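# Survey of secondary and tertiary structure
Listed below are the residues making up each chain.
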Amino acid sequence: MALEMRRNQGKNGIGLSNYDRVCRTDDRPWQRPSGSPSATNSKNRGDQASELLLDKTSPATVRKRDSKQKINSPPHGCLGCRGIATMWTMKNQPVPGRLIQRLPKKIQRLLRQVGALADEQGVALYLVGGVVRDLLLKRENWDLDLTVEGDGVAFARLVADRYKAGLAVFERFATARLVFPDGLKVDIATTRQESYAQPAVLPTVQPASIEADLSRRDFTINAIAVQLNQRQFGRLLDPYGGRRDLRERTIRVLHAGSFQDDPTRIFRAIRFEQRFGFRLERTTSRLLVQAASTNLIQRLSGPRLQNEILLLLAERDPVRALVRLGQLKLLRFLHRGLCYRKDVKRTVTAVPKALTWWVSRFPDSAIDRPIVYLMALSSESSPSVVATMIRRLVLSREQAKKVSTGASLVDRALKSLTKEGTVRPSQVYRLLEDFSDEALVLLLAKKLSKQQGVRLSLLRRHLTAYMKNRTMKTALTGRDLQAMGLQMGPQYKTILGKLLDARIDGMVTTEAEERAFVQERLTG
Ligand code: CTP
């Protein structure tokens, strides 16, 4: 039997994963006719959002209350949702529109305009998910997720047409992504319910009310909506106590099967817990530990696991999240044999400091931060363990190359670069020329982790010199060598290499000196 579930497609700052692509498609177009009873209901609902409650028996049924706001459980039974909303909830009912004012003016204007468009179409339109949570937390997030009680894809087409925005439609899941001419990205979905044929598989979706849509989501803090239709602009829908949990810094699932149906939520819970410094509500924590102890995560597809791991490692400070993964023994899902020993922990812990130094020195270097952490994490594991981990996470070819070569290169170079005696700049160049920037950061992190500060400044000097030297070029080219009478053959590479070394070491500085340098080698 299908497990009743509620969840939205994943989306991230790293780009759409396969999972997202699949999740964002549906070919079940449906449209609630403009002015139909349900459309009108939706509007009324939004209009009275602050006073409305879900009826116990039906998520879509709402009733109005006058004084105390009672929040009933969602259809599946919200964990720990208290019966009576706190006075705080009532007193702090934001003035409609106020929350939206925290967005940049341009986005506010756009939301008002699409709200008006929704009215024209007779559909209810909401801003949902992470952006609402972050507006309430006063955190910057312009990652707009809109949801339509009606045909989300048809509405997205209309918006795209009106604003000349790029449109990618994922029919199967009734979602679309719009890219506005100024680069702003907006996801538009149809409010839906989801059911899972089995744990950890992708859900099938069915149109549903906004309340049912909110109830299928991962945590109460992500199950808040703001209506955008003109008359209800800015009204909050918070049927499951999301604002209370935000205030109490709590992460709470909406139903007991949440982690089972969608084990990616285990990682999401850890991510939000660490990002916001929140704690898991007791039952949620128990459910998470339970789910983490099973093999559910093993069932996740490579792209979905990759998405979660890279998102977690892309957090500003992923070290504590990694500690949590370690405590919960979740790293076994990357590879059972992954060595998460003390020295690895020390390297991982040193990565933020290494990154800070690196970014301040070389702001133009585009570092793939999650990959640095992954390299640090696997730095003491055998090549075969690393290779299996790479396959499990279906890393891109470029990422795979970085992760598989990083650790071995680093160990070798670290010895040479921190030993007594002089190392010529050209020797440093030759030692590091095959390094990715991520491997250079790992090199520094390793040094930092060894707690022997003596040679740290020396290593930093080497890195600084190397970054300057790596763009250095010789004035002479192969063509010049040919003109100077050098026979074609492997000696071209050797001589040009030696010439570059001489340039880097400052032995030759002009073209004339380079010519003399080459001439000497040709005749001598
Ligand atoms: N969602 C969910 N279950 C998931 C993934 C997403 O219920 N496994 C819902 C949540 O309501 C979430 C919304 O979809 O807020 C948008 O998902 P996403 O953009 O991935 O998450 P955000 O909450 O916006 O997180 P972030 O700030 O990290 O982007």
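Scroll up to find the structure.
Our subject in this report is the structure included herewith. This is a predicted model, so every value here is computed, not measured.

## Digging into the overall build of the chain
- Secondary structure summary: the chain contains 23 helices and 14 strands in total.
- Within the chain, the fraction of its 524 residues that count as buried is 55%.
- Considering only intrachain contacts with a sequence separation of at least 6, the fraction spanning at least 24 residues in the chain is 69%.
- Accessible area for the chain stands at about 23500 Å²; split by element, carbon and sulfur atoms hold 50% of it.

## Some remarks on helix H20 (residues 456–469)
- Under the 1.5 Å per step criterion, the end-to-end length of H20 is 20 Å for 14 residues, consistent within 8% with the ideal 20 Å.
- Of the residues making up H20, those classed as buried are Leu456, Leu458, Leu459, His462, Leu463, Tyr466, Met467 and Asn469.
- The inward-facing, buried residues of H20 contact helix H14 (342–361), helix H17 (397–417), helix H18 (425–432), helix H19 (437–449) and helix H22 (491–504).

## Points about the nonpolar core
- Core analysis: the biggest nonpolar cluster contains 122 residues, and Leu111, Leu127, Phe155, Leu334, Leu374, Leu432 and Leu443 have the highest contact counts within it.
- Counting residues in hydrophobic clusters, the runner-up holds eleven residues, among them Leu476, Tyr492, Val508 and Phe517.

## A look at the packing of aromatic side chains
- One pass over the full model with this rule turns up eight aromatic pairs.
- Arranged with centres 5.3 Å apart and planes meeting at 45°, the rings of Phe276 and Phe278 form a pair that is tilted.
- Judged by relative accessible area, Phe276 falls into the buried class, the value being 8%.
- Phe278 gets classed as buried once you look at its relative accessible area, which sits at 7%.

## Some words on the packing of H14 against H20
- Orientation of H14 relative to H20, taken along the N-to-C sense of each, is 40°, at an axis distance of 12 Å. Relative to H20, H14 is oriented so that their crossing is right-handed. Residue-level contacts link Trp357, Trp358 and Arg361 of H14 to Arg460, Leu463, Thr464 and Met467 of H20.
- In terms of residue class, the contact of H14 with H20 is made up of four nonpolar, one polar and two charged.

Quick notes on the rules
Residues numbered from 1 in each chain as written. Predicted model: local features only at pLDDT ≥ 70, side-chain atom pairs only at ≥ 80, totals over all residues. Heavy atoms only, no water. Helix = DSSP H or I, 4+ residues; strand = E, 2+ residues; numbered from the N terminus. Buried < 20%, exposed > 50% of the residue type's maximum accessible area, 1.4 Å probe, protein only. Contact = heavy atoms within 4.5 Å. Areas by Shrake-Rupley, 256 points an atom, 1.4 Å probe, with all protein chains shown as cover. Expected span 1.5 Å × (residues − 1). Core = buried A, V, L, I, M, F, W, Y, C linked by side-chain atoms within 4.5 Å. Phe/Tyr/Trp six-rings, centres within 6.5 Å; stacked < 30°, edge-to-face > 60°. Axes fitted to C-alpha atoms, helices over the stretch in contact; angles between N-to-C directions. Left-handed = near helix turned anticlockwise from the far one by under 90°. Nonpolar A, V, L, I, M, F, W, Y, C, P; charged D, E, K, R; others polar.

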